[in-house]
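Fold and contact review
The chain contents come next:
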Amino acid sequence: MIKLNELCFSVCEIVEKAANFIAEERDKFDETKIESKGLHDLVSYVDREAEKLIISQLQKLLPEAGFIAEEGTIETKGERFNWVIDPLDGTTNFIQGVPVYAVSIGLIENDAPVLGVVYEIGRKECFYAWTGGGAFLNGKQIHVSQRSEMSQVLLVTGFPFTNFDSLDKYLNLLEWCMRNTRGIRSMGSAATDMAYVASGRFDAFWESGLKPWDVAAGIVLMKEAGGIVSDFEGEENYLFGKEMIASNSFIAQLILNKLREYMK
């Protein structure tokens, strides 16, 4: 029988090793080795080498598990368990020298996230959670915020960067947020965004165009920290559905209503 708590602590150690490698490479990073996977979608040798490092360690930890990994250095499907890996979430930040980027590892069991670790490299912060065990930051339990007045909340989102079909709707939503909240931020790393909501630094996050490796770990963090996660319809198609809202329970419905009003 798999003990998720023990597994989670082992994953934290693996993630820290990958984070140390990434931090070391940042100091000597060669921008000539940047590649483009698509419009505004960059990758470097650091992403790929970090992913290989993570996979080699996770294979020893849970040999029966498959992998869903952003850089595609391995393609296997586990019957019950699959690791969902973003070796460097926030690659553009990393390349530009903006210190907000993270390693994100989630474990899904029968397509349900059950374990998540997000290591924010710039601050050396390890956020981790497993189903039924709570959510933690560097050993201290974390919870979503309790703020319920929209005038007091701080929001975070990811700006569209490949698909601009709904840009006008998005800008109208941002205008409403600017006028009615404490402010909006865009960190450039969805994994970091969700970890920050889970720890109460932000009060809500939303984004479209997401991939499973962007959110798998964050889903567990959010739920175990007492938060609410949904897609833009208020349903549960958020792991593979490419859109997500993550919020504290007090403003979740209001955020959902505004997304429906402006984005649909």
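First things first, this report covers the structure right here in the doc. (Residues numbered from 1 in each chain as written. Predicted model: local features only at pLDDT ≥ 70, side-chain atom pairs only at ≥ 80, totals over all residues. Heavy atoms only, no water.)

Some words on the pattern of salt bridges
To be explicit about the condition: Within this document, salt bridges are pairs made up of a side-chain nitrogen of Lys or Arg and a carboxyl oxygen of Asp or Glu, the two lying within 4 Å of each other. Strands here mean DSSP runs of E at least two residues long; helices mean DSSP runs of H or I at least four residues long; both are numbered from the N terminus. Each residue gets one of three labels from its accessible area relative to the maximum for its type: buried under 20%, exposed over 50%, partly exposed in between, using a 1.4 Å probe on protein chains only.
The tally for this structure, following the rule as stated, stands at nine salt bridges. A salt bridge links Glu261 to Lys258; its shortest N-O distance comes to 3.2 Å. Of this pair, Glu261 and Lys258 are both found in helix 7 (residues 252–263), three residues apart, which corresponds to roughly one turn of the helix. The exposure class assigned to Lys258 is buried, which follows from its relative accessible area of 18%. Each of Arg123, Glu125 and Arg201 takes part in one network of salt bridges that share partners.

Let's talk about the environment of Leu174
Mapped onto the elements of the fold, Leu174 is located in helix 4 (residues 167–180). In this structure, the C-alpha to C-alpha distance between Leu174 and Ala135, residues 39 residues apart in sequence, is 30 Å.

Describing the packing of helix 5 (residues 190–198) against helix 6 (residues 212–224)
This is how it is decided: Angular values range over 0 to 180 degrees, each being the angle between N-to-C directions of two axes fitted as lines to C-alpha atoms, with helices fitted over their stretch in contact. An angle below 35 degrees is read as roughly parallel, one above 145 as roughly antiparallel, one from 65 to 115 as roughly perpendicular, and any other as oblique. When checking whether two residues touch, look at their non-hydrogen atoms; a contact exists if any pair is within 4.5 Å. Residue classes follow a fixed rule: Ala, Val, Leu, Ile, Met, Phe, Trp, Tyr, Cys and Pro count as nonpolar, while Asp, Glu, Lys and Arg count as charged, and any other residue, Gly among them, counts as polar.
Axis separation between helix 5 and helix 6 bottoms out at 8 Å; the angle between their running directions is 5 degrees. With respect to their mutual orientation, helix 5 and helix 6 come out roughly parallel. Touching Ala190, Ala191, Met194, Ala195, Val197 and Ala198 of helix 5 are Asp214, Val215, Gly218, Ile219, Leu221 and Met222, all from helix 6. Per-class residue counts for the contact of helix 5 with helix 6 are 10 nonpolar, one polar and one charged.

As for the sheet that holds strand 3 (residues 66–69)
Rule in force here: A strand pair is defined by DSSP finding two or more bridges across the two strands.
Strand order in the open sheet formed by seven strands is 3-4-5-6-7-8-9, and the pairing between neighbours is mixed. Since the sheet does not close on itself, it has two edges, and those belong to strand 3 and strand 9 (140–141), each with one partner. Direction of pairing for strand 6 (residues 112–120) relative to strand 7 (residues 125–130): antiparallel, over a ladder of six bridges. The partner of Glu120 across the bridge, within strand 7, is Glu125. In the packing of helix 1 (residues 4–27) onto the sheet, the strands contacted are strand 4 (81–89), strand 5 (102–109), strand 6 and strand 7, and the crossing angle to strand 6 comes to about 35 degrees. In this fold helix 6 packs onto strand 3, strand 4, strand 5, strand 6, strand 7 and strand 8 (134–137), with an angle of close to 100 degrees to the strand it touches most, strand 6.

So, the side chain of Asp86
The line we're drawing: Any pair of nitrogen or oxygen atoms within 3.5 Å is treated as a polar contact; in protein, a donor-acceptor pairing is required on top of that, and neighbouring residues in sequence qualify only through side-chain atoms on both sides.
Counting through the fold element by element, Asp86 comes out in strand 4. A polar side-chain atom of Asp86 sits 3.2 Å from the main-chain amide nitrogen of Leu88. Each residue touching Asp86, except ones within four places of it in the same chain, is listed here: Glu70, Ala102, Val103, Ser104, Trp213 and Asp214.

That's the geometry; what it means functionally is another story.
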